[in-house]
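What the coordinates show
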Amino acid sequence: KLHSLPPFSMDQDPTRVYELNFHGVDYEITLDSDETSYIAVKVEKLDDGKFWSANFDPNYVEEITKKTGNFKSFGKFVKMLNTAFEASSQSVYVDLLSYTDLEMLRNRRAGNQSQSSSAVNPAHINKRYLILTYAVEFDKVHYPLPLNYEENPDEESLKKIIMRLRSQIHDVKTNQNAQNASPGGLFLTGLAEDDPNDAILSELNHENEQLKRKLEKLREKCDALREQKPDLSSDFNNLTKAKDSLSSDLEQLRKESAAEIKRLTREVEDSQKQLQLKEIQFNKVKREYDLKLELDSSLKELNKKMAKYDNELSQEKALSKAKLG
């Protein structure tokens with residue numbers, strides 16, 4: 001769940017990056033803080049690039065701790081938050097909840113199992129809440145930090161998404177090219193060589209070939225016995241039964257191999273679809289980034305024209321005033 005990190009120290013770089021999984025979803029969380037002035041949190045959902053962020057000052061943090069009935073100073077809260085992210089203590093931990101999740105927890109604590117019928121503010125729907133939990137001896141205290149959904153992430157965040165997607169696409173393509181270029185292995189139509197089940201399929205094919213050779217040898221022995229010792233009917237019958245048993249095993253193995261090949265083929269197709277989806281996401285973010293750069297350039301040009309116009313207008317006013325004087 002977490003990068004391997006040493007215990008947090010305020011003498012280190014205050015910006016820390018964590019990868020965590022909340023309720024089956026992977027997130028990257030950037031935490032920037034110190035013990036005296038601020039906490040800045042950025043959360044990125046890794047599968048679709050959605051962003052949430054918020055900044056918190058000491059007054060806000062100490063006020064929410066006061067409301068819980070278990071007050072913490074701002075410096076103490078920052079230490080608890082970093083300790084929770086690093087999972088270095090069992091007494092503090094973090095969770096990430098939606099507004100709906102938070103309401104369900106509140107209703108449950110209040111003894112109300114039904115959903116609230118009151119209208120929900122649309123501004124709350126897309127929010128996420130980073131919950132810092134402090135487990136005391138006979139109770140748990142929850143400190144919620146609300147995070148706002150960023151429909152238009154800043155330029156630095158967009159660059160970060162683009163770099164991550166490029167890296168993922170490059171890793172996938174490099175891995176596929178390396179596997180395709182490696183000698184030997186099992187070659188099946190529509191099946192990538194880097195599939196971890198290739199060894200199983202190769203072994204099944206090898207067993208198929210061995211059974212075929214054994215069956216052919218038994219047939220040859222049967223034919224020889226018929227020609228050389230036609231009176232040994234009992235031995236012939238036994239060999240025939242053995243041949244039938246091997247034929248049945250071979251047929252069952254063929255069925256199992258065909259089913260396995262179909263399953264692995266579907267997995268490869270799913271992997272290819274995921275790669276295409278990542279490429280689509282990358283292109284979308286790149287278009288948004290290029291559009292932002294174009295807009296910034298247009299705004300700079302417009303500001304230059306406005307400044308020039310203001311300057312010319314000032315000169316005309318000064319000239320008119322001089323003529324009147």
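That block above? That's the structure.
Read on for a plain summary of the structure.

1. Digging into unusual backbone geometry
Positive phi outside glycine occurs at His-23, with the angle close to 55 degrees. Residue position: His-23 is located in the loop between strand 1 (15-22) and strand 2 (25-33). A residue is classified by how much of its surface remains accessible, and His-23, at 58% relative accessible area, is exposed. Located in the positive-phi region is Ala-87, a residue other than glycine, with phi close to 55 degrees. Locating Ala-87 in the fold gives a position in the loop between helix 2 (74-86) and strand 5 (92-98). Since its relative accessible area comes to 54%, Ala-87 is described here as exposed.

2. Brief notes about the side chain of Lys-72
Here Lys-72 shows up in the loop between helix 1 (58-67) and helix 2. Buried charge Lys-72 goes without a salt bridge, the closest partner of opposite sign being Glu-62 at 12 Å. At 3.5 Å, the side chain of Lys-72 forms a polar contact with the side chain of Asn-70. Apart from residues no more than four positions distant in its own chain, Lys-72 is found in contact with Glu-62, Thr-65, Met-80, Tyr-134 and Tyr-143.

Scoring rules and cut-offs
Residues numbered from 1 in each chain as written. Predicted model: local features only at pLDDT ≥ 70, side-chain atom pairs only at ≥ 80, totals over all residues. Heavy atoms only, no water. Helix = DSSP H or I, 4+ residues; strand = E, 2+ residues; numbered from the N terminus. Buried < 20%, exposed > 50% of the residue type's maximum accessible area, 1.4 Å probe, protein only. Lys, Arg positive; Asp, Glu negative; His and termini not counted. Salt bridge = Lys/Arg side-chain N within 4 Å of Asp/Glu carboxyl O. Polar contact = N/O pair within 3.5 Å; in protein donor to acceptor, adjacent residues only side chain to side chain. Contact = heavy atoms within 4.5 Å.

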